Each structure stands twice: as structure tokens, then as C-alpha cells.
Amino acid sequence: MSIETSGKTARKNLFGWIGRIWQAFWMVCGIAIIAYVTSSITSVMTVTQMNNQTEVVADLQGKLVGVRTGSVAEAYLQSRSVATVPFDHLSDSVEALINDEISAVVADAPVLEYYTHSHPDAPLEVAGSIFSRDKYGFAFPQGSSLVKPASVAIIGAHETGGLGKLKSKYFGFQP
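Quick caveat: nothing in here was measured; it's all calculated off a predicted structure. (Residues numbered from 1 in each chain as written. Predicted model: local features only at pLDDT ≥ 70, side-chain atom pairs only at ≥ 80, totals over all residues. Heavy atoms only, no water.)

Q: Talk me through helix α5 (residues 147-160); I want residue IDs and the actual numbers.
A: Helical periodicity: at 3.6 residues per turn, an α-helix aligns residues three or four positions apart in one direction. For α5, which comprises 14 residues, the first-to-last C-alpha distance of 20 Å matches the rise-based estimate of 20 Å (1.5 Å per residue) to within 8%. Two residues or fewer past α5, Gly161 is found with a positive phi of approximately 90 degrees. (Helix = DSSP H or I, 4+ residues; strand = E, 2+ residues; numbered from the N terminus. Expected span 1.5 Å × (residues − 1).)

Following this line, the structure appears as C-alpha cells:
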């Protein structure tokens, strides 16, 4: 058995040359949409793979996390059923992190930022967002004459940009 064809179809183009242009337009649009969706999915998957970082507390579930013994971070993570390994010193927890004994270190953001800034040779970075915002303060004995001058100095440093310089010096932030 053999089949011969002329290459012609029995169906005619209903709208002539305008119909062919319309068909070509929709074909190009379809290809563009498929290419856009494919590239978007690929880029999202690539960024997710490259940024395999801890962003929220839920990312720490099922992992061992280093914390300072008796710290607020330890109590916070334990209240959210995250397995913690307590350390007496930050340097010990960093060493355990580098040796893959733990998956992350959770501590006060300024402490971690200072450590990474003062140890640029360590393969570390502060990742993710702040889990729980806490306030810092200076403690003085009740009725101390230092409260007002310290408050005025801090406010003045904030207004003149002195705090930005301190952040740059100790944490590596740009003012």
C-alpha cells in the first residue's frame, strides 16, 4: 500500500490572508507565553537552590541549632520545638557550625553581626530576618546622675550620625 499526497488540505482558510496573520500572531504569543512561564519557573527554582538559607523559624525545624546557654534565643527556639545545642561561647558554636555539627547559630543580631564583621575570614554570614525583636538598654543604679547625660549623648549621636559611624565600625554597615 502506498499513499500519495499533494500537500494541499481540503479545509480552506476562512478569513484569507487576515486569518493567516491572525494565526501567526497567536502562535507567536503562545510561544512567548510558554517561554516566559518556563523561564520564570527556572529562575525561581535556581534562586531557591542558590539561597538555601534560613529565613524563618520554621526553616530550623528538624535541625540542630546552636544557641548561647540560658539565652533568650534558647528559650524562644525551645518554645517553638526547635532542637537546640547550648554553648557557653559564641566562638564554640561557630566552630561547631563550621564542622557541620549544627545547622545554624541563633543569637542576638548585633552579636552575630559583630562576630561576622570582626572575623571576615570565617565562612559565615548573617542570614534571614530577625525572629523576635527585643530592645537593648543601659542599666544605671536608681537615681544615678549618669542617666540624663547618657540619654542626651545617645540622642545627640543619633542626630549627628555618630550611631551610623559606630554601626559601620563594629558591624560593617554603611551609614
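Q: Give me the lowdown on the packing of helix α3 (residues 90-98) against helix α4 (residues 109-118), citing residues and values where you can.
A: Their axes nearest at 12 Å, the elements α3 and α4 cross at an angle of 70 degrees. Overall, the two elements α3 and α4 adopt an arrangement that is roughly perpendicular. Here the hand of the crossing between α3 and α4 comes out right-handed. Packed against α3, whose contacting residues are Leu90, Ser91 and Val94, the element α4 presents Val111, Leu112 and Tyr115 at the interface. Per-class residue counts for the contact of α3 with α4 are five nonpolar, one polar and no charged. (Axes fitted to C-alpha atoms, helices over the stretch in contact; angles between N-to-C directions. Parallel < 35°, antiparallel > 145°, perpendicular 65-115°, else oblique. Left-handed = near helix turned anticlockwise from the far one by under 90°. Contact = heavy atoms within 4.5 Å. Nonpolar A, V, L, I, M, F, W, Y, C, P; charged D, E, K, R; others polar.)

Q: Could you give an account of the sheet that holds strand β1 (residues 65-68), with specific residues and numbers?
A: The three strands lie next to each other as β2-β1-β3, forming an open sheet whose pairing is parallel. Edge positions in the sheet fall to β2 (84-87) and β3 (104-105), since each of these pairs with one other strand and no more. Across four bridges, the pairing between β1 and β2 is parallel. In the strand pairing of β2, Arg68 is matched with Phe87. The sheet contacts of helix α2 (residues 72-79) involve β1 and β2, and relative to β1 the element is tilted by about 140 degrees. (Pairing = 2+ DSSP bridges.)

Q: Residue-level account of α3, with values.
A: For α3, the complete set of buried residues consists of Leu90, Ser93, Val94 and Ala96. The buried residues of α3 all sit within an arc of 160 degrees when viewed along its axis, so they share a single face. Where α3 is buried, its residues contact β2, β3 and α4. (Buried < 20%, exposed > 50% of the residue type's maximum accessible area, 1.4 Å probe, protein only. Arc of directions from axis to C-beta.)

Q: Break down the side chain of Glu74 for me, with residues and values.
A: In this structure, Glu74 sits in helix α2. With no salt bridge to any partner, buried Glu74 finds its closest opposite charge in Arg68, at an N-O distance of 9.0 Å. Apart from residues lying up to four places away in sequence, Glu74 is in contact with Val67, Arg68, Thr69, Thr84 and Pro86. (Lys, Arg positive; Asp, Glu negative; His and termini not counted. Salt bridge = Lys/Arg side-chain N within 4 Å of Asp/Glu carboxyl O.)

Q: Explain the packing of aromatic side chains residue by residue, including any values.
A: Here the structure, examined in full by the defined rule, presents three aromatic pairs. With centroids separated by 5.6 Å and ring planes inclined at 80 degrees, the aromatic side chains of Trp22 and Trp26 adopt a geometry described as edge-to-face. Of this pair, Trp22 and Trp26 both sit in helix α1 (residues 16-50), four residues apart, which is roughly one turn of that helix. A relative accessible area of 48% means that Trp26 is categorised as partly exposed. Geometrically, the ring pair formed by Phe25 and Trp26 is edge-to-face, given 5.6 Å between the ring centres and 70 degrees between the ring planes. Counting every residue linked through ring pairs, the aromatic cluster contains Trp22, Phe25 and Trp26. (Phe/Tyr/Trp six-rings, centres within 6.5 Å; stacked < 30°, edge-to-face > 60°.)

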